[in-house]
Amino acid sequence: MKDSCDATWPVCNRIAGCILGSESWAEGRFPGHGQFIVQVPEASTVKVSFFLDEVTAAGEETVVLFHEDGCRARTRKATAGRSVLDQMEKFGVFSLEADVIGVGDHLIEFDSDLQGRYAVKVDVEPLRAR
């Protein structure tokens, strides 16, 4: 189900437009910045996947910030522009993931100077399931 991401959910003294889960996704356009909340019931791997379309330039870098609950810590994952497109061409999707240990709402931020449209979705897999 597409989420328009135009709500006002408080997280980390900020406002996110949506809460994404396994049944929802959002879309937008790069270059730009976006953020959403993912709810984590236990220590998990959070995987953020971008499905890209109408790409006209690779840009320099695509970054995803995975915040712990309450934004007490964060993990930064970044990929160079050409590598984003290589992964997209090979697998049909570009993904970055990180482990989070806190329970509750986690702010996920992303930023890219790539030029094109995207759909973004998130998957949460408990660490104990490995």
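Residues numbered from 1 in each chain as written. Predicted model: local features only at pLDDT ≥ 70, side-chain atom pairs only at ≥ 80, totals over all residues. Heavy atoms only, no water.

Colleague: Where do I start with the packing of aromatic side chains in this structure?
Modeller: Where two aromatic rings form a pair, the distance of their centres and the angle of their planes describe that pair. In total, this model carries eight aromatic pairs according to the counting rule given. With 6.2 Å between their ring centres and 50° between their planes, F36 and F110 make a pair best called tilted. Of the two residues, F36 sits in strand β3 (residues 25-40) while F110 sits in strand β8 (residues 104-126), which places them 74 residues apart along the sequence. F110 matches F36 in its accessibility class, with the two residues each being buried. Taking 5.9 Å as the distance between ring centres and 80° as the angle between the ring planes, the aromatic pair formed by F50 and Y118 counts as edge-to-face. With a gap of 68 residues between them, F50 in strand β4 (residues 44-57) and Y118 in strand β8 connect regions that are remote in the sequence. By the burial criterion, F50 is buried, and Y118 matches it. Three or more aromatic residues joined by ring pairs form one cluster here, namely F30, F36, F50, F94, F110 and Y118. (Phe/Tyr/Trp six-rings, centres within 6.5 Å; stacked < 30°, edge-to-face > 60°. Helix = DSSP H or I, 4+ residues; strand = E, 2+ residues; numbered from the N terminus. Buried < 20%, exposed > 50% of the residue type's maximum accessible area, 1.4 Å probe, protein only.)

Colleague: Hey, could you run me through the pattern of salt bridges in this one?
Modeller: Pairs can form between side chains of opposite charge whenever their charged atoms are close. One pass over the full model with this rule turns up eleven salt bridges. Notably, a salt bridge pairs R14 with E109, separated by 2.8 Å at the nearest N-O pair. Placement of R14 in strand β2 (residues 14-16) and of E109 in strand β8 is noted, with a sequence separation of 95 residues between them. Among the residues examined, R14 registers a relative accessible area of 35% and is labelled partly exposed. Judged by relative accessible area, E109 falls into the buried class, the value being 9%. (Salt bridge = Lys/Arg side-chain N within 4 Å of Asp/Glu carboxyl O.)

Colleague: Got a minute to help me understand the nonpolar core in this structure?
Modeller: Nonpolar side chains in soluble globular proteins generally cluster together in the buried interior. Within the largest apolar cluster, 27 residues are counted, with the highest numbers of intra-cluster contacts made by F36, V46, V48, F50, L52 and V120. Elements with a minimum of two residues in this core: β3, β4, β5 (61-67), α1 (81-91), β7 (94-100) and β8. Sorting elements by how many residues they give to this core places β8 first, with six residues. The contacts of F36, once residues within four sequence positions are left out, are A16, C18, L20, V48, H106, L107, I108, F110, V120 and V122. The next biggest cluster of nonpolar side chains, apart from the first, holds five residues, and it includes C12, A16, I37 and L107. (Core = buried A, V, L, I, M, F, W, Y, C linked by side-chain atoms within 4.5 Å. Contact = heavy atoms within 4.5 Å.)

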